[in-house]
Amino acid sequence: MPRYMSLIRIDENNNPGGPSEELMERMGKLMEEMTKAGVLLDTSGLHPTSEGKRVLYSGGELSVTDGPFTETKEVIGGYAVFQTKDEAEALEWTKRFLKVHEEEWTITCELREIVEG
């Protein structure tokens, strides 16, 4: 069965201040359901870009930039890895994940199949 990665993109400057207790509860229930269904292989949120580094390789040279990355509006805030029968099933789980959030959230999930072996 194919594996898919959902890259969860958020605007760090315009989010509702982090997940509410209610959101975390709804998300926990969905993650439990996904795990029991055998489709969720891994998931996690990421620390803010202010705690990250960006490494660029260009023209044979490496450079490292400390976060936050002010020129970036949308950042990867987390990820989930699914193993589903097809892309349509992975897309349905991704939609369900988005719908557990309150209306004030603006989130984009980029769903991509993982290249196998």
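Residues numbered from 1 in each chain as written. Predicted model: local features only at pLDDT ≥ 70, side-chain atom pairs only at ≥ 80, totals over all residues. Heavy atoms only, no water.

Taking 1.5 Å as the rise per residue, helix 1 (residues 21-36) with 16 residues should run 22 Å; its terminal C-alpha atoms sit 23 Å apart, in good agreement. Check the buried side of helix 1 and you find it contacts strand 2 (40-45), strand 5 (74-83) and helix 2 (87-99). Trailing helix 1 by a residue or two, glycine 38 shows a phi angle of about 80°, which is positive. (Helix = DSSP H or I, 4+ residues; strand = E, 2+ residues; numbered from the N terminus. Expected span 1.5 Å × (residues − 1). Contact = heavy atoms within 4.5 Å.)

Here we take up the pattern of salt bridges. Evaluated as defined, the whole model comprises nine salt bridges. A salt bridge links glutamate 110 to arginine 9; the shortest N-O distance between them is 2.9 Å. Of the two residues, glutamate 110 sits in strand 6 (residues 107-113) while arginine 9 sits in strand 1 (residues 3-11), which places them 101 residues apart along the sequence. Since its relative accessible area comes to 25%, glutamate 110 is described here as partly exposed. Notably, a salt bridge pairs glutamate 110 with arginine 112, separated by 3.2 Å at the nearest N-O pair. (Salt bridge = Lys/Arg side-chain N within 4 Å of Asp/Glu carboxyl O. Buried < 20%, exposed > 50% of the residue type's maximum accessible area, 1.4 Å probe, protein only.)

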